[in-house]
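Descriptive analysis of the structure
Listed below, chain by chain, are the residues.
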Amino acid sequence: MFFRIFFDTAPIIYFLDNSPLYYKRMDDFIFSDVNDESQFYTSTITDLEYLTRPYKNGDKEKIENYQSFMKFADFKKIDISSEIAQIAAKLRGKHDFLKAQDSLQLASCIFYKCDAFLTNDRQLLQVNEVHSVLVDSLEGVSE
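Rules behind the numbers
- Residues numbered from 1 in each chain as written.
- Predicted model: local features only at pLDDT ≥ 70, side-chain atom pairs only at ≥ 80, totals over all residues.
- Heavy atoms only, no water.
- Helix = DSSP H or I, 4+ residues; strand = E, 2+ residues; numbered from the N terminus.
- Expected span 1.5 Å × (residues − 1).
- Buried < 20%, exposed > 50% of the residue type's maximum accessible area, 1.4 Å probe, protein only.
- Arc of directions from axis to C-beta.
- Contact = heavy atoms within 4.5 Å.
- Axes fitted to C-alpha atoms, helices over the stretch in contact; angles between N-to-C directions.
- Parallel < 35°, antiparallel > 145°, perpendicular 65-115°, else oblique.
- Nonpolar A, V, L, I, M, F, W, Y, C, P; charged D, E, K, R; others polar.

Describing helix α4 (residues 60-72)
Taking 1.5 Å per residue, 13 residues should reach 18 Å; α4 reaches 18 Å between its end C-alpha atoms and fits that length. Of the positions making up α4, those classed as buried are Ile-63, Tyr-66, Phe-69 and Met-70. Along the long axis of α4, the arc covered by the buried residues comes to 130°, so they all point the same way. Turned more than 90 degrees off the buried face of α4, the exposed positions are Lys-60, Glu-61, Lys-71 and Phe-72. Looking at the buried residues of α4, the elements they touch are α1 (9-16), α2 (23-30), β2 (39-43), α3 (44-57) and β3 (76-78). Asp-74 occupies a position one or two residues after α4 and carries a positive phi of about 55°.

A closer look at the packing of α3 against helix α6 (residues 100-111)
At a minimum axis distance of 9 Å, the contact between α3 and α6 shows a crossing angle of 140°. With respect to their mutual orientation, α3 and α6 come out oblique. Contact residues: α3 offers Ile-45, Thr-46, Leu-48 and Glu-49, while α6 offers Gln-101, Leu-104 and Gln-105. For the contact of α3 with α6, a count of residues per class yields three nonpolar, three polar and one charged.

What is shown is where atoms sit, not what they do.
So, in structure tokens, the structure goes:
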């Protein structure tokens, strides 16, 4: 059981865009009794990654759905600070494969002492500074 769960952008996309492969897993996870005491986190990087296409396409409904979901699920939204950027730089210095946005997401998770980083990017499992949990491993959460 985790108490502070940081969501990478992909799991949020899976849920909000009704991914055929992952929607049910995400729905079960987010609304699981196991997570009644959990606090969900993400960063403003998720805003950038999720909202770019809806803004480009003028999809106001998708923008409103995202904002409503963030509020309804009581996500704590992390602004990227200088301290977080420093942690991200250290991560990128150690892990050559990390992209800037991934390193900022991971650094936010570390800075706020989250217990788990929910992602579906297998490559991020190599970053031992965080405990990454793959969406692929969530099957049966509520069973």
